[in-house]
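Structural features, examined
Here is how the chains run, residue by residue.
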Amino acid sequence: MAMPISKPSFAQRWESYQPSKSTLVWACAATAVATMIVGFSWGGWVTGGTSRTLATTAGDVARGELASVVCVERFKAAADSPARLTELNAITDSYKRRQFVEAGGWATMPGQTAPDRRAAEGCAAALAA
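Residues numbered from 1 in each chain as written. Predicted model: local features only at pLDDT ≥ 70, side-chain atom pairs only at ≥ 80, totals over all residues. Heavy atoms only, no water.

On to the state of the cysteines, then. What is meant by a disulfide is a covalent connection between two cysteines, made through their sulfur atoms. Under the definition given, this model contains one disulfide. Paired through a disulfide, C71 and C123 show a sulfur-sulfur distance of 2.4 Å. What sets the handedness of the C71 and C123 disulfide is the S-S torsion sign, and at about -75° it is left-handed. Of this pair, C71 sits in helix α3 (residues 48-77) while C123 is found in helix α6 (residues 117-128), placing the two residues 52 residues apart along the sequence. You can call C71 buried: its relative accessible area is 0%. Judged by its relative accessible area of 0%, C123 falls in the buried class. (Disulfide = S-S within 2.5 Å. Helix = DSSP H or I, 4+ residues; strand = E, 2+ residues; numbered from the N terminus. Buried < 20%, exposed > 50% of the residue type's maximum accessible area, 1.4 Å probe, protein only.)

As a packed pair, helix α4 (residues 81-90) and α6 sit with axes 10 Å apart at the nearest point and diverge in direction by 100°. The angle between α4 and α6 places the two elements in the roughly perpendicular class. Contacts between α4 and α6 pair L85, L88 and N89 from the former with A124, L127 and A128 from the latter. Of the residues assigned to the contact of α4 with α6, the class counts are five nonpolar, one polar and no charged. (Axes fitted to C-alpha atoms, helices over the stretch in contact; angles between N-to-C directions. Parallel < 35°, antiparallel > 145°, perpendicular 65-115°, else oblique. Contact = heavy atoms within 4.5 Å. Nonpolar A, V, L, I, M, F, W, Y, C, P; charged D, E, K, R; others polar.)

Right, let's talk about the confidence of the model for the chain for a bit. Per-residue pLDDT for the chain averages 91, and the proportion of residues at 70 or more is 98%. For the chain, helix α1 (residues 10-16) is the element with the lowest average pLDDT, namely 86, and helix α2 (residues 21-41) is the one with the highest, namely 96. (pLDDT = per-residue confidence, 0-100.)

Under the definition given, this model contains four aromatic pairs. Their ring planes at 65° and their centres at 4.6 Å tell us that F75 and W106 sit as a pair that is edge-to-face. With F75 in helix α3 and W106 in the loop between α5 (94-104) and α6, this pair connects stretches of sequence that are 31 residues apart. Overall, W106 belongs to the buried group, its relative accessible area being 8%. (Phe/Tyr/Trp six-rings, centres within 6.5 Å; stacked < 30°, edge-to-face > 60°.)

Moving on to the side chain of T108. Along the chain, the position of T108 falls in the loop between α5 and α6. Beyond its immediate stretch of four places on either side in the chain, T108 contacts R74, T113, A114 and P115.

The subject of this paragraph is the side chain of R97. Counting through the fold element by element, R97 comes out in helix α5. The side chain of R97 is buried and forms no salt bridge, while D93, the nearest opposite charge, is found at 8.2 Å. Those residues in contact with R97, other than ones at most four positions away along the chain, are L88, N89, I91, T92, A124 and A128. (Lys, Arg positive; Asp, Glu negative; His and termini not counted. Salt bridge = Lys/Arg side-chain N within 4 Å of Asp/Glu carboxyl O.)

So, about the nonpolar core. Core analysis: the biggest nonpolar cluster contains 16 residues, and C71, F100, V101, W106, A107, C123 and L127 have the highest contact counts within it. Counting only elements with at least two residues in this core, the list comes to α3, α5 and α6. Sorting elements by how many residues they give to this core places α6 first, with five residues. Not counting chain neighbours up to four residues away, the residues in contact with C71 comprise V101, W106, A107, M109, A119 and C123. (Core = buried A, V, L, I, M, F, W, Y, C linked by side-chain atoms within 4.5 Å.)

Structure representation (structure tokens):
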């Protein structure tokens, strides 16, 4: 009687598998592409240009926040501060408030000749609150 031929197990097939060089190269390429897709989509990776843009924006925002704090302190240190604050609070338009702060010179940072727009906006908002 003939012996039935049994199928090799998965482990036996895995041990005997010998991929070709082209299969290995394509597998490596697919793995690299999959890694990049996952990294840029969900991993939080960014390009060098994007990181420079984000860093520049963060620096500008931080500089504007610091300048607005300096502006508030300069405004409060002025001799006619209570009267100016009443005048500022009477203005309802945020654009005109910013112009008022810029015209008063409080948003012009030391060493600068023109007022800082972000400082004036932040200063007007902080003083109006």
